[in-house]
Amino acid sequence: MTYTFLQHYWCFIVSLLGALLVFLLFVQGANSVVFSLGRTPEERRLLVNSTGRKWEFTFTTLVTFGGAFFASFPLFYSTSFGGAYWLWMLILFTFVLQAVSYEFQNKLGNFLGPRTFQWFLVLNGLLGPLLLGGAVATFFEGSNFVIEKSNLIDAGAVTPIISRWANASHGLDALLNPWVLVFGLAVMFLARVLGILYLMNNVCDAAIRQRCPSRLLGAAVPFVILFVGFLVHLLLKDGFAYDDSGAIYMEPNKYLHNMIDLWYLTLLMLIGVALVLYALYSAIVQQSDKAIWPAGIGTVLTVLPLLLLSAWNHTAYYPSTADLQSSLTLENSCSSYFTLNTMFYVSLLVPFVLAYIVYCWHKIDSRKITREEIAADGHAY
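K.L.:
Break down a nonpolar patch on the surface for me, with residues and values.
P.N.:
Together, M1, Y3, F5, Y337, Y345 and L348 make up an exposed nonpolar region whose accessible area comes to about 580 Å². Elements with a contribution of two residues or more to the nonpolar patch: helix 1 (3-24) and helix 15 (337-347). Accessibility expressed as a relative area gives 40% for F5, which makes it partly exposed.

See below:
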C-alpha cells in the first residue's frame with residue numbers, strides 16, 4: 001500500500017463517518033419539531049422517548065468522526081479544533097445540553113420543569129445541525145487561519161504553535177459568509193426531514209402521524225431550495241487546487257472539474273439525491289412510514305461524495321482565506337505512513353462495529369413506541 005493510497009483511504013473513512021453523522025442528525029431534527037408535532041405533554045414525551053433511544057449513536061459517531069480526523073489528519077485537527085474552538089465549543093455545548101436534557105427533564109427535583117429541558121432539545125435540534133453544516137461548508141469556502149511549521153524548529157519562537165487563527169473570532173467569522181449559512185441551514189432542514197420520517201416510522205400515534213406530512217413538506221421545500229442553491233454556487237465558484245509541488249492556486253470551476261473527473265462520485269451523489277426525493281414523495285404523497293430508509297441511504301450516498309469532492313483530485317480540503325499557501329491538503333496534513341498503515345488494519349474491524357449497531361437498532365425498534373409503553377416504563381425519559 002502506497003502512502004498516497006492510505007491518504008485517500010483515510011479520507012474516505014473520515015468522509016463516510018461524516019456522512020453517517022449527517023444521517024444520524026435525524027435525532028436533532030426530530031427534537032426540533034417536538035412542540036409542533038406534540039401538542040400535549042403526553043405526545044411530547046412520546047417524541048422525546050423515540051429519539052432518546054438513538055441519541056447515543058449520534059454522539060458516539062460525532063466523537064468517532066473527530067477521533068478519526070485527529071489520528072489520520074492531525075494538522076487539520078489542531079488547526080480547526082484548536083483555532084476555530086468557539087465554533088466547535090458551541091457544537092459540543094449543544095450536544096452536552098442534549099444529553100443533560102434527556103436525563104433530567106423528568107427527574108425528581110427538576111425545578112425547571114420538563115418543558116424547559118424540552119426547549120433545550122429544540123435548541124440542540126436547530127443549532128447542532130446548523131453549526132455542523134457550517135463547519136463542513138468551510139471545506140469549500142475556506143477559513144481564516146495561518147500555518148507556520150517553522151515555529152517547531154525556530155528557537156526564537158515564543159511558543160511552538162504550528163497553526164493559529166488570523167483573527168480573534170476563532171471560527172465564528174465563518175458564519176458571516178452567507179454560503180456557509182446556506183449550507184448550514186440546508187443541513188438543519190435535512191435533519192428535520194429525516195427526523196420527521198423517523199418519527200413516522202417509529203411512533204404509533206394517530207394524532208402525531210396526522211401532523212407529520214404537512215410538517216415534512218414545510219421542511220423539505222426549504223431544504224431542496226437551499227441545497228440546490230449551494231450546489232449551483234459550488235459548480236460555478238473558483239476552487240482551491242494544488243500542483244505536484246504542493247503549491248496552492250485558485251482554479252476556475254474547480255469543483256465542476258472534480259465532478260467531471262471523478263464521475264463515479266457524481267453518479268453516486270445523483271443516486272443519493274434521487275433516493276431522498278423518492279423518500280419525500282413516498283412519505284408525503286403515499287403516506288408511507290418506511291421512507292426513512294431510502295432517505296437515510298440517500299443522505300449517506302449524497303454527503304459521502306460531496307465530502308470526497310472537497311479533497312480528492314488535487315484539491316485543498318481545508319483552504320485558508322488568510323494565507324493561500326497555508327491551505328491543508330491530503331499530502332501536507334496527514335499522519336506518517338506507519339500510523340496510517342497501522343490504522344488501516346484496525347479499520348478492518350469497522351464492519352463488525354456497524355453490524356453490532358444494526359443489531360442493536362433492530363432490537364430497539366422491533367416494535368413502534370406507544371403511549372401505553374411509555375406509561376408502563378419506569379425508565380422512560
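Once you've had a look at it, read on.
K.L.:
Lay out the packing of helix 1 against helix 13 (residues 292-309) in plain terms, naming residues and giving numbers.
P.N.:
Close contact between helix 1 and helix 13 brings their axes to 8 Å; oriented N to C, the two are set at 145°. Crossing angle aside, the handedness with which helix 1 passes helix 13 is right-handed. For the pair formed by helix 1 and helix 13, the contact residues are C11, F12, S15, L16, G18, A19, L20, V22 and F23 on the first element and I292, G296, T299, V300, V303, L304, L307 and L308 on the second. The class makeup of the residues in the contact of helix 1 with helix 13 is 13 nonpolar, 4 polar and no charged.

K.L.:
Hey, could you go over the packing of aromatic side chains for me, with residue numbers and the actual values?
P.N.:
Evaluation of the coordinates by the stated rule reveals 40 aromatic pairs. Relative to W361, the ring of F23 has its centre 6.2 Å away and its plane inclined at 15°; by these criteria the two rings are stacked. Separated by 338 residues along the polypeptide, F23 in helix 1 and W361 in helix 16 (residues 350-364) bring together distant segments of the chain. Its relative accessible area of 11% is what places F23 among the buried residues. Of note, K54 hangs over the ring of W361, and the distance from its end group to the ring centre comes to 4.7 Å.

K.L.:
Could you give an account of the pattern of salt bridges, naming the residues involved and the relevant values?
P.N.:
Across all of its chains, the model carries 3 salt bridges by this definition. Here E43 ties to R211 by a salt bridge, and the two come within 3.0 Å at their closest N and O atoms. Remark: R211 occurs in helix 10 (residues 206-236) and E43 occurs in helix 4 (residues 41-52); sequence separation between them is 168 residues. Given a relative accessible area of 5%, E43 falls into the buried group. The salt bridge partner of K254 is E251, with a shortest N-O separation of 3.9 Å.

K.L.:
Give a detailed account of the nonpolar core, specifying residues and quantitative values.
P.N.:
F73, L197 and Y317 are the most contacted members of the largest nonpolar core, which has 115 residues in total. Here this core gets 16 residues from one element, more than from any other, and that element is helix 9 (residues 178-202). Residues in contact with Y317, not counting those within four places in the same chain, are F69, F73, F76, F139, S310, A311, L328, T329, L330 and S333.

The rules behind each value
- Residues numbered from 1 in each chain as written.
- Predicted model: local features only at pLDDT ≥ 70, side-chain atom pairs only at ≥ 80, totals over all residues.
- Heavy atoms only, no water.
- Patch = residues over 30% accessible without salt bridge, like charges linked within 9 Å, V, L, I, M, F, W, Y side chains within 5 Å.
- Areas by Shrake-Rupley, 256 points an atom, 1.4 Å probe, with all protein chains shown as cover.
- Salt bridge = Lys/Arg side-chain N within 4 Å of Asp/Glu carboxyl O.
- Helix = DSSP H or I, 4+ residues; strand = E, 2+ residues; numbered from the N terminus.
- Buried < 20%, exposed > 50% of the residue type's maximum accessible area, 1.4 Å probe, protein only.
- Axes fitted to C-alpha atoms, helices over the stretch in contact; angles between N-to-C directions.
- Left-handed = near helix turned anticlockwise from the far one by under 90°.
- Contact = heavy atoms within 4.5 Å.
- Nonpolar A, V, L, I, M, F, W, Y, C, P; charged D, E, K, R; others polar.
- Phe/Tyr/Trp six-rings, centres within 6.5 Å; stacked < 30°, edge-to-face > 60°.
- Lys NZ or Arg CZ within 6 Å of the ring centre and 35° of its normal.
- Core = buried A, V, L, I, M, F, W, Y, C linked by side-chain atoms within 4.5 Å.

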